[in-house]
Amino acid sequence: MEHMTKAIVLTGITTTGTPHLGNYAGAIRPAIAASKDENVTPFYFLADYHALIKCQEPERVRQSSLEIAATWLALGLDTANAVFYRQSDVPEIMELTWMLTCVASKGLMNRAHAYKAAVAENEQGGENDPDKGITMGLFSYPILMAADILLFNANKVPVGKDQVQHIEMARDIAGRFNHIYGEHFVLPEAVIDEHGATLSGLDGRKMSKSYNNTIPLFEPEKKLRKLINKIKTNSLEPGEPKNPDDCTLFGIYKAFASANEVLEIRQRYAEGIAWGEMKRVLFEHINDHITPARERYDALMQAPEHIEEQLQEGAIKARAVSAPFIKELRKAVGISRISL
Ligand code: TRP
């Protein structure tokens, strides 16, 4: 009943990679802060069905699910308030996916960015078949995502800019369903988080696993230092004034520092701080920031049964909402036992 009055904020994390500093500053940290807000019920889930769309390495999907769950718990996700679950533990998602597939127009899916990008790549590569290598999973991915969202009648969906189109598609699909079968779904809204920072990676491009330039969040201390030392800088010498605003090191530092600390470092750039020194400062700063959570992370990774337990509890909470709702939806579409 509580859920009726609180806003539902829902987001999924695709389980194909290891959480990195960019994920942390951009999405995880704001989501965890939001999980403590008593006025919302957050639904956060491991999108393992989504992982299958991009990744056909079972071990990687398994390992990523474990790492992502451990990361969120280690960072203090409030599981008393938030519902934290694994998508595949909620079978109603799959069932709703089919119901929605039967009202979603194919033309709408043809316009999805991810699908269009894959087609464009084939065409540019001189392929005769524009759909070469494109699975139905990729094609209907927005419908699976709509099911994730609509099943819990989410009001707000925090996502990156690249996902906004999918939320619009979810609204479109919800509207069609409501039009045909009566008002069952809330129309969700995308929220682009303003607090989230976008970090650059080792090579200066946006930190992203697709560029292979990430700094994993809970890398052991020694490796963290090594990676930070690898970050690309320009060739200005010690003593030469440097511009912090086009510097990857500064960008990362800023995401982890107070306003005063940022000012101080700006001053040191003006004074010509050496890159080696700035890398040391950055390492110390991030390491201090991360160490307590890394200790909790390592402990959780040693005791995965605690992680599983939390996910099972989350699934029970999620299904307490989804199971009765899918019953209502089955009835609405005419799938039911013969009434005697
Ligand atoms: N597709 C999203 C991404 O790649 C992850 C995701 C899956 C999601 N289901 C969702 C996000 C539902 C928000 C709501 O980032």
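In what follows, the structure referred to is the one given above.
Residues numbered from 1 in each chain as written. Predicted model: local features only at pLDDT ≥ 70, side-chain atom pairs only at ≥ 80, totals over all residues. Heavy atoms only, no water.

(A) Representation of the pattern of salt bridges in the model. By the definition in use, this model includes 13 salt bridges. Across the pair Asp 245 and Arg 266 runs a salt bridge whose closest N-O atoms are separated by 3.0 Å. Of this pair, Asp 245 sits in the loop between α10 (221-230) and α11 (248-255) while Arg 266 is found in helix α12 (residues 259-270), placing the two residues 21 residues apart along the sequence. Here Asp 245 falls in the exposed class, since its relative accessible area comes to 52%. Look at Arg 266 and you get partly exposed, because its relative accessible area is 31%. (Salt bridge = Lys/Arg side-chain N within 4 Å of Asp/Glu carboxyl O. Helix = DSSP H or I, 4+ residues; strand = E, 2+ residues; numbered from the N terminus. Buried < 20%, exposed > 50% of the residue type's maximum accessible area, 1.4 Å probe, protein only.)

(B) Structural view of a positive patch on the surface. A cluster of basic side chains, namely Lys 222, Lys 223, Lys 226 and Lys 230, defines a positive patch on the protein surface. Position of Lys 226 among the secondary structure elements: in helix α10. (Patch = residues over 30% accessible without salt bridge, like charges linked within 9 Å, V, L, I, M, F, W, Y side chains within 5 Å. Areas by Shrake-Rupley, 256 points an atom, 1.4 Å probe, with all protein chains shown as cover. Lys, Arg positive; Asp, Glu negative; His and termini not counted. Charge placed at Lys NZ, Arg CZ, Asp CG, Glu CD.)

(C) Highlighting the side chain of Thr 97. Summarising the element assignment, Thr 97 is placed in helix α5 (residues 92-101). Its relative accessible area of 13% is what places Thr 97 among the buried residues.

(D) Highlighting the packing of aromatic side chains. Per the stated rule, a full pass over the model turns up 14 aromatic pairs. A centroid spacing of 5.6 Å and a plane angle of 55° characterise the contact between Tyr 85 and Phe 152, whose relative ring orientation is tilted. Of this pair, Tyr 85 sits in strand β3 (residues 83-86) while Phe 152 is found in the loop between α8 (136-150) and β4 (156-158), placing the two residues 67 residues apart along the sequence. The buried category is assigned to Tyr 85, whose relative accessible area is 0%. Judged by relative accessible area, which is 3%, Phe 152 ranks as buried. Taking the centre distance of 5.6 Å and the plane angle of 70° together, the rings of Phe 250 and Tyr 269 count as edge-to-face. One end of the pair, Phe 250, is in helix α11; the other, Tyr 269, is in helix α12, and 19 residues separate them in sequence. Residue Phe 250 shares its accessibility class with Tyr 269, and that shared class is buried. An aromatic cluster is defined as three or more aromatic residues linked by ring pairs; in this entry it consists of Phe 43, Phe 45, Tyr 85 and Phe 152. For the cation-ring pair, Arg 29 lies above Phe 256, with the distance from its terminal atom to the ring centre recorded as 5.3 Å. The ring of Trp 275 carries Lys 242 above its face, with NZ or CZ at 5.4 Å from the centroid. (Phe/Tyr/Trp six-rings, centres within 6.5 Å; stacked < 30°, edge-to-face > 60°. Lys NZ or Arg CZ within 6 Å of the ring centre and 35° of its normal.)

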